[in-house]
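Remarks on the overall topology
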Amino acid sequence: VQPGALNAREALLEAAARVAPQAAARRVQVVVEAPDELPVWCAEENLMSALVNLVDNAVKYSPEAGVVQLRAEEEGRQVRLSVTDAGPGIPQKDRERVFERFYRVDQGRSRSLGGTGLGLSIVKHAVESSGGHVWVEAPSQGGSCFVIVLPAPPSSGV
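Here goes a summary of the coordinates provided. Note that the coordinates shown come from a computational prediction; the quantities given were computed from them, not determined experimentally.

Section: the state of the cysteines
This structure, assessed with the given rule, holds zero disulfides. There is no disulfide at Cys42, and the cysteine sulfur nearest it, in Cys145, is 18 Å away. For Cys145, a relative accessible area of 8% corresponds to the buried category.

Focus: the nonpolar core
Ranked by internal contacts, the top residues of the largest apolar core, which has 41 residues, are Leu47, Leu81 and Ile148. Counting residues per element, the ones that place at least two in this core are helix H1 (8-18), strand S3 (39-42), helix H3 (44-61), strand S4 (67-75), strand S5 (78-85), helix H5 (119-128), strand S6 (133-137) and strand S7 (144-151). A total of eight residues in this core trace back to one element, the largest contributor, which is H3. Sequence-distant contacts of Leu81, defined by excluding residues within four places in its chain, comprise Ala8, Leu12, Leu47, Arg71, Ala72, Phe146, Val147, Ile148 and Leu150.

Calculation notes
Residues numbered from 1 in each chain as written. Predicted model: local features only at pLDDT ≥ 70, side-chain atom pairs only at ≥ 80, totals over all residues. Heavy atoms only, no water. Disulfide = S-S within 2.5 Å. Buried < 20%, exposed > 50% of the residue type's maximum accessible area, 1.4 Å probe, protein only. Core = buried A, V, L, I, M, F, W, Y, C linked by side-chain atoms within 4.5 Å. Helix = DSSP H or I, 4+ residues; strand = E, 2+ residues; numbered from the N terminus. Contact = heavy atoms within 4.5 Å.

Take it as geometry only, folks, not as evidence of what the structure does.
Written as structure tokens, this is what we have:
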């Protein structure tokens, strides 16, 4: 899978669109905040796989009528993409392990929502195979914030 320059805002909007039916069913509002022209260097299939998994999880774990925030911002020669929800959050002791295959923070909770325990390991593989990193943070207002950092496209030397 070859990487290329992708528009971060368009990728976030596409991920939100793919999860729109699930969001509508739970009355969860998905908000995208990103500059119009922010290129990110990644294989499109990897980026969409990672973003759709994260947005789908955020919608599942958000309270009814909640808000999921998708953001993209430039950080030097990298692009930071984040997916933030107002769900139950992930305890500190589980944050490193949530990206392991089949790992579940709460066995009952994730199974009741239909999860296989593979989504976040797919996210990690997709991001790392594109030269990026992914982790989860706990926002001060609660919930979870999944962060993907990917390279900006290589400069053309102009």
